[in-house]
Amino acid sequence: MERHGNKRTKTIFDFFKSSGEASKVDNLSPSVVEASSREETRPLESPTREVYVDYNSLERDPGLRTPIRQYSPHRNSVQSVENLSNVTRHIDMVINAQTSEDVRKNRLRLKVTSEVVRWLSLQGCVVRGHREGSTSENRGNLIEMLKLMGRLNVNIEDVILDNAPGNAKYTSPNIQKEILHIMANMVRKKIREEIGDKKFCLLVDEAKDAGGKEEMAIVLRFVDGQGSIKERFSILSKSKTSSVSTLKKSVCNSLAQYNLFIDDLRGQGYDGASNMRGAWNGLQALFLKDCPYAYYVHCFAHRLQLALVAASKKEPSIWLLFSKLSSIVNLIGSSPKRLTELQAFQAVEIARKVASGERETGKGANQIGSLQRAGETRWSSHFDSICSVIDMYWATMQVLKKMVSDGSTDDIRGEAKGVLMMMKTFDFVFMLHVMHRIMGITDMLCRNLQEKTLDILNAIDSIATTKVLLLKLRNESFDHLLMCVNSICIEYEIETPDMNAWYNEGTGRSCQQKSLVTVEHHYHFDMFNSVIDYQLEELNYRFNDDALEILKLSCALQPNDQFKLFDVDQICILARKFYPADFSDQEMHHLRCQLEHYEVDVLHHKCFHNLSSTSELLQILIRTNKSHHYNLVERLIRLILTLPRIHGINRASEHFQLLSVLRPIYEIEWKKNS
């Protein structure tokens, strides 16, 4: 042991000597290993050889540090030369080899997850599960699909789920939403490329989701380069309120994100709510102020439905009738046993009427059915509901009587008795047959307006015909209707009021009588005429706008029946009056010249025979390169096709069927906006 000032240094030899192990040290070829106190360490001299020490056999002195293994400079130099000559052991090669393998696995793992998410979104399936833990039997669609793909491919199984590193599994909710968000942006970018510099139409619909929050879907309608009409569901945004200014701001912001400008807007299609279609402060009116050529066209079938709904709200007797019909259908249709009893009573009634000659026999006649439920978005279903109640009136009352006597609970017996008493009133029978007559006239128009091959002129003619028939029903059919209702009341022993007596309003007290009128006057003018007047008023209000004139003029371009409606003057009026921003004065002169050549050339060309739609006409023009010669005609046809269609199913149901499919894609948007 040597002293250096107040410090001391102990060699490995001294340590073994003090431990009685000096003989073992003599057999070693040790180098100097530094062992110092806690204050300072001094290396030993001549570190020329390695020293291998069994540290477990050492009795460490608390004052000494752990021995350190050292190598000689020669050995280090030899090892460096060997590593330098071995290229595969270079640090950059080792790192690159490890990195490329990790990149391959990460890419495969991410690709598999992206494909699964894309497939689930396309099929409208939920991505995540209720319990996704390792102990769950069903961990959700995403993880279960990944497990399936892993069982089919060993390479995939080696890199996903439990075989993936903890920080790169790519199955977390945030990763799923990010993948969906990227896909949604790719779709929007593709839609924007399809539109290009073309004019487009804006279709907007809004509704509340299951959480009670307002959602707005934006669909873009345009004509692509091949002449095909495209309707692309592009944007889904969340509306905090349904005010017009908020809706407009939200739509404009959504369009601005993809460089779509209001100046290129050439059509609007919304529902019939006042905040959407209002002539002064509605959404369509605000857009018309910014772009006066963005014409609003509302679905004709939806217009008719809104007209009938509005009429029912104005007349309380209609609202009460459909409320009672709903109670009847719900009470009987909620039980399979009652439906079976209803059909059994109906079979008895049909047999009785066939035997008495009241019903005719034949193929498809006298079918046994059930009560029809009225739908909220299909007004023609209300007519089916009325017809079913009229056909099964006796059978329905028999089922209700049986429920009153044999009902399982007091609630069922009481409800059945109330509905039965209501059905056996003159007011119910009278209004049931009044609406049967009115809706029999409007039902044909409802069904015609929902046909996909609707002719615009025929649709307008059907509207005019419906108005004429309703007016005729109002002026001529009350006496016949009253006679029919009286005969039904006699058949089913329903009390009929004296038509010449004074009509008592409310409880019959004199203080409640607003005017002295007879019972016949009340049913004739206050109910029958009033209902029809409301219907006519709504039809005139809903089907009287500038869009009808555009549609009439555009019929001159239709190729149906060998272009029988083609009219150069009508087409020029259409371009000059409704699209002055798209045709200059000089182009208007050229348009007439092109139409004159078009009439001689296209109308008699064999390629343009037997066309059924304007879209087909445009596609053939592009295919035969005649669109270059008649470029102004092609431009006008594109503008007409950009307008929303006037027939088909309700836009709300169509949009939210799309929402149910594409909801996962836009889930990240909802979270971001909320």
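Where an unreviewed UniProt entry is consulted, the protein appears under the name DUF4371 domain-containing protein, with the organism given as Stephania yunnanensis.

Once that is clear, we can look at the overall build of the protein. Looking only at helices and strands, the protein features 29 helices and 6 strands. For the protein, the proportion of its 674 residues judged to be buried stands at 43%. The contacts of the protein with a sequence gap of at least 6 include a subset with a gap of at least 24, amounting to 67%. Accessible surface computed for the protein: about 37300 Å², of which carbon and sulfur atoms make up 51%.

Let's shift gears to the pattern of salt bridges. A full pass over the atoms with the stated rule returns 17 salt bridges. Asp 264 serves as the salt-bridge partner of Lys 199, at 3.2 Å between the closest nitrogen and oxygen. Taken as a pair, Lys 199 in the loop between α7 (173-195) and β3 (200-208) and Asp 264 in the loop between α8 (244-256) and β6 (265-269) lie far apart in primary sequence, 65 residues in all. On the basis of relative accessibility, which here comes to 25%, the residue Lys 199 falls in the partly exposed class. Note that Lys 564 is salt-bridged to Asp 561, the shortest N-O span being 3.3 Å.

The next thing to look at is helix α27 (residues 631-642). Taking 1.5 Å as the rise per residue, α27 with 12 residues should run 16 Å; its terminal C-alpha atoms sit 17 Å apart, in good agreement. Judged by how many residues are buried, α27 sits mostly within the fold: 10 of 12 residues are covered. Of the residues making up α27, those classed as buried are Leu 632, Val 633, Glu 634, Leu 636, Ile 637, Arg 638, Leu 639, Ile 640, Leu 641 and Thr 642.

Position of Arg 109 among the secondary structure elements: in helix α4 (residues 91-122). If we skip the residues at most four places from it in the chain, Arg 109 touches Val 159, Ile 160, Ala 164, Pro 165, Ala 168, Lys 169 and Tyr 170.

Turning our attention to the environment of Ser 134. If you trace the backbone, Ser 134 turns up in the loop between α4 and α5 (141-152). Residue Ser 134 is classed as exposed on the basis of its relative accessible area, which comes to 67%. Residues Ser 134 and Asp 162 lie 28 residues apart in sequence; the distance between their C-alpha atoms is 9.6 Å.

Further remarks concern the packing of aromatic side chains. Inspection of every chain in the model, using the stated rule, returns 12 aromatic pairs. Seen from their ring centres, Phe 426 and Phe 430 are 6.1 Å apart, and the 20° between their planes marks the pair as stacked. Here Phe 430 and Phe 426 lie together in helix α17 (residues 426-449), a separation of 4 residues that amounts to about one turn. For Phe 426, a relative accessible area of 5% puts it in the buried group. Considering the side-chain rings of Phe 430 and Phe 478, the 6.4 Å spacing of their centres and the 70° angle between planes classify their relative orientation as edge-to-face.

Another point: the nonpolar core. Ranked by internal contacts, the top residues of the largest apolar core, which has 69 residues, are Leu 400, Met 423, Phe 428, Phe 430 and Met 435. If you tally residues by element for this core, the top one is α17, at 14 residues. With residues near it in sequence (within four places) discarded, Met 423 still touches Ile 328, Tyr 393, Thr 396, Met 397, Leu 400, Phe 428, Val 429 and Ile 494.

Right, let's talk about the packing of helix α25 (residues 614-623) against α27 for a bit. Here α25 crosses α27 at 145°, and the two axes come no closer than 10 Å. When you trace α25 past α27, the crossing you get is left-handed. Within the contact between the two elements, α25 uses Thr 614, Ser 615, Leu 617, Leu 618, Leu 621 and Ile 622 and α27 uses Glu 634, Ile 637, Arg 638 and Leu 641.

Turning to the side chain of Ser 250, a few remarks are in order. Structurally, Ser 250 is set in helix α8. What makes Ser 250 buried here is its relative accessible area of 16%. If near-sequence neighbours (up to four positions away) are discounted, Ser 250 is found in contact with Met 216 and Ser 237.

Take the state of the cysteines next. For the structure shown, the criterion picks out 0 disulfides. No disulfide involves Cys 484; its nearest neighbouring cysteine sulfur is the one of Cys 489, lying 9.6 Å away. We classify Cys 484 as partly exposed; its relative accessible area is 24%.

Once that is clear, we can look at the environment of Gln 226. Topologically, Gln 226 is positioned in the loop between β4 (214-223) and β5 (229-239). A relative accessible area of 54% means that Gln 226 is categorised as exposed. For the pair Gln 226 and Arg 623, spaced 397 residues apart in the sequence, the C-alpha separation amounts to 8.0 Å. Apart from residues no more than four positions distant in its own chain, Gln 226 is found in contact with Gln 619 and Ile 622.

Let us look at the packing of helix α12 (residues 316-333) against helix α16 (residues 410-423). The N-to-C vectors of α12 and α16 enclose an angle of 135°; their axes lie 11 Å apart at closest approach. Considering the angle they form, α12 stands oblique to α16. Considering how the two elements wind past one another, α12 and α16 form a crossing that is left-handed. Each of Lys 324, Ile 328 and Leu 331 in α12 lies in contact with α16, whose residues at this interface are Glu 415, Ala 416, Val 419, Met 422 and Met 423. Split by residue class, the contact of α12 with α16 holds 6 nonpolar, no polar and 2 charged.

The phi torsion at Gln 562 lies on the positive side, around 60°, for a residue other than glycine. Residue position: Gln 562 is located in helix α22 (residues 560-563). A positive phi angle, close to 60°, is found at Phe 563, a residue other than glycine. For Phe 563, a relative accessible area of 3% gives the class buried.

This paragraph deals with the confidence of the model for the protein. Averaged over every residue, the pLDDT of the protein is 76; residues scoring 70 or more account for 75%. The low-confidence segment residues 1-10 (pLDDT under 50) makes 14 contacts with residues lying over four places distant or belonging to another chain. This model gives residues 19-69 a pLDDT under 50, and the stretch forms 66 contacts once residues within four places in sequence are excluded.

With that settled, the discussion passes to the environment of Ile 622. By the secondary structure assignment, Ile 622 is in helix α25. Distance in space between the C-alpha atoms of Ile 622 and Gly 225 is 8.5 Å, their sequence separation being 397 residues. In this structure Ile 622 touches Gly 225, Gln 226, Gly 227, Ser 627, Glu 634 and Arg 638, once residues within four positions along its chain are discounted.

About the thresholds
Residues numbered from 1 in each chain as written. Predicted model: local features only at pLDDT ≥ 70, side-chain atom pairs only at ≥ 80, totals over all residues. Heavy atoms only, no water. Helix = DSSP H or I, 4+ residues; strand = E, 2+ residues; numbered from the N terminus. Buried < 20%, exposed > 50% of the residue type's maximum accessible area, 1.4 Å probe, protein only. Contact = heavy atoms within 4.5 Å. Areas by Shrake-Rupley, 256 points an atom, 1.4 Å probe, with all protein chains shown as cover. Salt bridge = Lys/Arg side-chain N within 4 Å of Asp/Glu carboxyl O. Expected span 1.5 Å × (residues − 1). Phe/Tyr/Trp six-rings, centres within 6.5 Å; stacked < 30°, edge-to-face > 60°. Core = buried A, V, L, I, M, F, W, Y, C linked by side-chain atoms within 4.5 Å. Axes fitted to C-alpha atoms, helices over the stretch in contact; angles between N-to-C directions. Left-handed = near helix turned anticlockwise from the far one by under 90°. Disulfide = S-S within 2.5 Å. Parallel < 35°, antiparallel > 145°, perpendicular 65-115°, else oblique. Nonpolar A, V, L, I, M, F, W, Y, C, P; charged D, E, K, R; others polar. pLDDT = per-residue confidence, 0-100.

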